[in-house]
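Structural overview
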Amino acid sequence: MTDLTRGWASQQDADDELASLRDSFYRPDPELLYFAGNSLGMLSSATRERMHRLVDEEWGRDVVRGWQYWNSLPLDAGDRIGQLIGAAPGQVVVADSISVNLYKLAVAALEAQPGRKVLVTDTGNFPTDRYVLQGAAERRKGQLRLVPTDPVSGINPDNVHTFLADDVAMVAFSHVDYRSAAINDVVALTEQAHRAGALVLWDLAHSVGAVPIELDELGVDFAVGCTYKYLNAGPGSPAFLYVRRDLQARLANPIQGWWSVADPFDMDAPYVAADGIARWQSGTAPIPGLVAVDESVALLAEVGIERLRAKSKRLTSYLIELADVWLAPLGFGVACSRDADRRGGHVVLTHDEAYRISQAAIAAGVVGDARPPNLLRLAPSPATTSYTDVWEAMTRLRDLVAAEAHLALPAQRARVT
Ligand SMILES: *Cc1c(COP(=O)(O)O)cnc(C)c1O
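Residues numbered from 1 in each chain as written. Predicted model: local features only at pLDDT ≥ 70, side-chain atom pairs only at ≥ 80, totals over all residues. Heavy atoms only, no water.

1. Details of the site of the ligand
Here is the rule: Whether a residue is near a molecule or strand depends on its heavy atoms: it is near if one of them lies within 4 Å of it. Polar contact is the term for a pair of N or O atoms within 3.5 Å; when the atoms are in protein, one must be able to donate a hydrogen and the other to accept it, and sequence-neighboring residues count only if both atoms are side-chain atoms. Here, Shrake-Rupley sampling with a 1.4 Å probe gives the accessible areas, and only protein chains in the shown set may cover a residue. A cavity, in this analysis, means grid points on a 1 Å lattice covering only the protein atoms where a 1.4 Å probe fits yet has no way out; a pocket is instead an open set bounded by protein on both sides within 12 Å along at least five of seven lines, and a residue lines either one if it has an atom within 4 Å of a point. Think of it this way: if more than half of a molecule's atoms are within 2 Å of a pocket's grid points, that molecule is in the pocket or cavity. A run of H or I in DSSP counts as a helix once it spans at least four residues, and a run of E counts as a strand once it spans at least two, with each numbered from the N terminus.
Inspection of the region around the ligand gives Ser97, Ile98, Ser99, Phe126, Thr128, Asp129, Ser174, Asp203, Ala205, His206, Tyr228 and Lys229 as its neighbouring residues. One nitrogen or oxygen atom from the side chain of Lys229 is found 2.5 Å from an oxygen atom belonging to the ligand. Coverage of the ligand by the protein amounts to 88% of the 390 Å² it exposes when considered alone. Most atoms of the ligand, that is more than half of them, are within 2 Å of grid points of the largest pocket. Of all the secondary-structure elements, those providing two or more residues to the shell around the ligand are helix H6 (98-112) and helix H7 (127-139).

Rendered as structure tokens:
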């Protein structure tokens, strides 16, 4: 049984087989309680050292000769990510941003099926997903159709069939909702899309590194995801995309850059797309970010996604238990599923003063974030958070709200939150 003492939390840490992973991250401020790993993950010591080596020994010393060994990184790092998302080698490549990858895949899906001009997503999907899909559809004289999202439980698969017809080229949803942390039903939704004859894409931004998915086994067509959230590869590190093996050569990448051909250095050749997943790259790979992806993903792949998920479920459940006892009397609510199997890596709390509380919490060394109108997101990333961290963060949050420390702060929202 959970109890509310610090002693209980430290006993969980003593029994936790992932406890030492937390200590393999760089912690220049040991007092910092970091709960924003769903937005930008922490830097591991191994990645930090690897970045130093890249600067001094690879870029600094080898300069252009570095391409001898950098060249295969987009595919090698992609295969590593594949271990976390159930993708056999040769189906994932690290390239561009989610926004650009979504665009490439949406246009490819529309062009491959000229009679189908509609894309489908949900009203609560991340802004860039909705914007990019809308632009891709409208430029091809089609449209984006939006399925309603429940603010707590995500997409109800029973509501989706009315949005699917033989005019839909591609259905694109997020595996884990960035706001509510709801885990959408990949099995039911993939099956429905396929029954309507559409291709299906899953955005794994809030699941890769925190929640497992079996892309090959589920027959998913496409996936995209970023590497700076639970994969900890740093600000602006490149995204990845997955294209099921048998679709790779049947569809065309609309950005036919020189990195999408078989031999980029055969420079007089006319355009011929590479056969495998390599064709889904566009231009020169961003090596500093890729090096960080390779190193950061290796750390998590070694531990295994199932163990990360098991700890993540326990941490978020524990956080909710503390919130119920300590924070509910102070005006907080819980706006994510209470069923750990239906909840991703973060917890969503509500409070009328969410914005000011999140600012006051940051000043007290507890970094989460606020989302309008009244949401507080707290992500106890399984790789970097201990049970004692959760206990300590919730104690600080309770004490600062009880003391009304947040009311001394301005109510105006900053541009970046
Ligand atoms: C974080 C996130 C993105 C980010 O897209 P970029 O183009 O890589 O900036 C996209 N989609 C979802 C669902 C996200 O959570």
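What follows continues from the structure just given.
2. Here's the deal with the pattern of salt bridges
Condition: Put simply, a salt bridge is a Lys or Arg side-chain nitrogen that is within 4 Å of an Asp or Glu carboxyl oxygen. Accessibility here uses a 1.4 Å probe with only protein chains present; expressed as a share of the type maximum, an area under 20% marks a residue as buried, one over 50% as exposed, and anything in between as partly exposed.
Under the counting rule described, the total for this entry stands at 24 salt bridges. Note that Glu58 and Arg50 form a salt bridge whose closest N and O atoms lie 2.9 Å from each other. We note that Glu58, like Arg50, is buried. Arg145 serves as the salt-bridge partner of Asp167, at 2.7 Å between the closest nitrogen and oxygen. Within this pair, whereas Asp167 is found in the loop between strand S4 (143-147) and strand S5 (168-174), its partner Arg145 is found in strand S4, the two being separated by 22 residues in sequence. What you see here is one network of salt bridges that share partners, running through Arg6, Glu31, Glu392 and Arg396.

3. Here we look at the sheet that holds strand S13 (residues 375-378)
Stated formally: Strands pair, by our definition, only if DSSP identifies at least two bridges between them.
In spatial order, the strands read S9-S10-S13-S12; together these four strands make up an open sheet with antiparallel pairing. Whereas interior strands pair on both sides, the edge strands pair on one side only; in this sheet they are strand S9 (333-334) and strand S12 (369-371). In terms of strand pairing, S12 meets S13 through three bridges, oriented antiparallel. Its bridge partner being in S13, Ala370 is matched across the sheet by Leu376.

4. Observations regarding the domain arrangement of the protein chain
As a reminder of what qualifies: For each domain, the first and last residues come from an automatic or database assignment. Buried surface area refers to the total accessible area, computed with a probe of radius 1.4 Å, that the two partners give up upon joining, counted for both partners together. Classes in brief: Ala, Val, Leu, Ile, Met, Phe, Trp, Tyr, Cys and Pro nonpolar; Asp, Glu, Lys and Arg charged; the others, Gly included, polar.
Here the domain parsing of the protein chain yields domain 1 (6-44 + 304-408) and domain 2 (71-303). Averaged C-alpha coordinates put domain 1 and domain 2 at centres separated by 29 Å. Between domain 1 and domain 2, a total of about 2500 Å² is buried, with carbon and sulfur atoms accounting for 60% of that surface. Counting across the domain 1 and domain 2 interface gives zero salt bridges. For the pair domain 1 and domain 2, the interface holds 13 residue pairs in polar contact (both at pLDDT 80 or more). Taken together, the elements giving at least two residues each to the side of domain 1 that touches domain 2 come down to helix H11 (305-327) and S13. Of the residues contributing to the side of domain 1 that touches domain 2, the split by class is 13 nonpolar, twelve polar and seven charged.

5. Description of the packing of aromatic side chains
Under the convention used in this document: Pairing of aromatic side chains requires ring centres within 6.5 Å, counting the rings of Phe and Tyr and the six-membered ring of Trp. Pairs whose planes differ by under 30 degrees are stacked, by over 60 edge-to-face, and all others tilted. Whether a charge sits over a ring comes down to the Lys NZ or Arg CZ being within 6 Å of the ring centre and within 35 degrees of the ring normal.
In total, this model carries ten aromatic pairs according to the counting rule given. Taken together, a centroid distance of 5.6 Å and an interplanar angle of 65° make the contact between Trp67 and Trp259 edge-to-face. Within this pair, whereas Trp67 is found in helix H4 (residues 67-70), its partner Trp259 is found in the loop between strand S8 (240-243) and helix H10 (287-303), the two being separated by 192 residues in sequence. Taken together through their ring pairs, the aromatic side chains of Trp67, Tyr69, Trp70, Trp258, Trp259 and Phe265 make up a single cluster. One Lys or Arg, Arg48, reaches over the ring of Tyr26 and ends 4.0 Å from the middle of that ring.

6. Notes on the nonpolar core
Applicable threshold: Buried Ala, Val, Leu, Ile, Met, Phe, Trp, Tyr and Cys residues that are joined via side-chain atoms within 4.5 Å together make up what is termed a nonpolar core. The contact definition used throughout considers only heavy atoms, calling two residues in contact when any of these lie within 4.5 Å.
Ranked by internal contacts, the top residues of the largest apolar core, which has 58 residues, are Ile81, Ile85, Val171 and Leu204. If one sorts the elements of this core by residue count, H10 sits on top with nine residues. Each of domain 1 (6-44 + 304-408) and domain 2 (71-303) accounts for three or more of the residues forming this core. Those residues in contact with Ile81 that sit more than four places away from it in its chain are Val92, Val94, Val208, Thr227, Leu231, Phe240, Val293 and Val297.

7. A word on a nonpolar patch on the surface
Test applied: Residues qualify for a patch when their relative accessible area is over 30% and they have no salt bridge, like charges being joined within 9 Å and the nonpolar side chains of Val, Leu, Ile, Met, Phe, Trp and Tyr within 5 Å.
Side chains of Val55, Trp59, Val63 and Val64 sit close together on the surface and give an oily, nonpolar patch of about 410 Å² of accessible area. With respect to the element layout, Val64 can be found in the loop between helix H3 (45-62) and H4.

8. Re the pairing of S5
Worth spelling out the cut-off: Here a crossover is taken to be right-handed if, once the strands point away from the viewer, the path from the first strand over the helix to the second is traced clockwise.
With seven of its seven residues buried, S5 lies for the most part within the structure. Where strand S3 (residues 118-122) meets S5, three bridges bridge the pair, whose relative direction is parallel. What sits directly across from Val120, in S5, is Val171. As paired strands, S5 and strand S6 (residues 199-203) are joined by five bridges and run parallel to one another. Counted as the bridge partner of Ser174 is Asp203 from S6. Read from S5 through helix H8 (residues 186-195) to S6, the crossover connection turns out right-handed.

9. Some remarks on the layout of surface pockets
Cut-off, in case you're wondering: Grid points are joined across faces, edges and corners, and a volume is the space filled by probe spheres set on the points.
As a volume, the largest pocket reaches approximately 410 Å³. Residue lining of the largest pocket: 21 residues in total, with Phe126, Pro127, His206, Tyr228 and Lys229 positioned closest to the centre. At the level of secondary structure, the elements contributing two or more residues to the lining of the largest pocket comprise H6 and H7. Residue contributions to the lining of the largest pocket peak at three residues, all from H7. Both domains that meet at the lining of the largest pocket, namely domain 1 (6-44 + 304-408) and domain 2 (71-303), each give it at least three residues.

10. Describing the side chain of Asn125
Looking at the element boundaries, Asn125 is found in the loop between S3 and H7. The class of Asn125 is buried, set by a relative accessible area of 3%. Apart from the residues lying within four places of it in its own chain, the contact partners of Asn125 are Arg130, Thr149, Ala172, Phe173, Ser174 and Tyr178.

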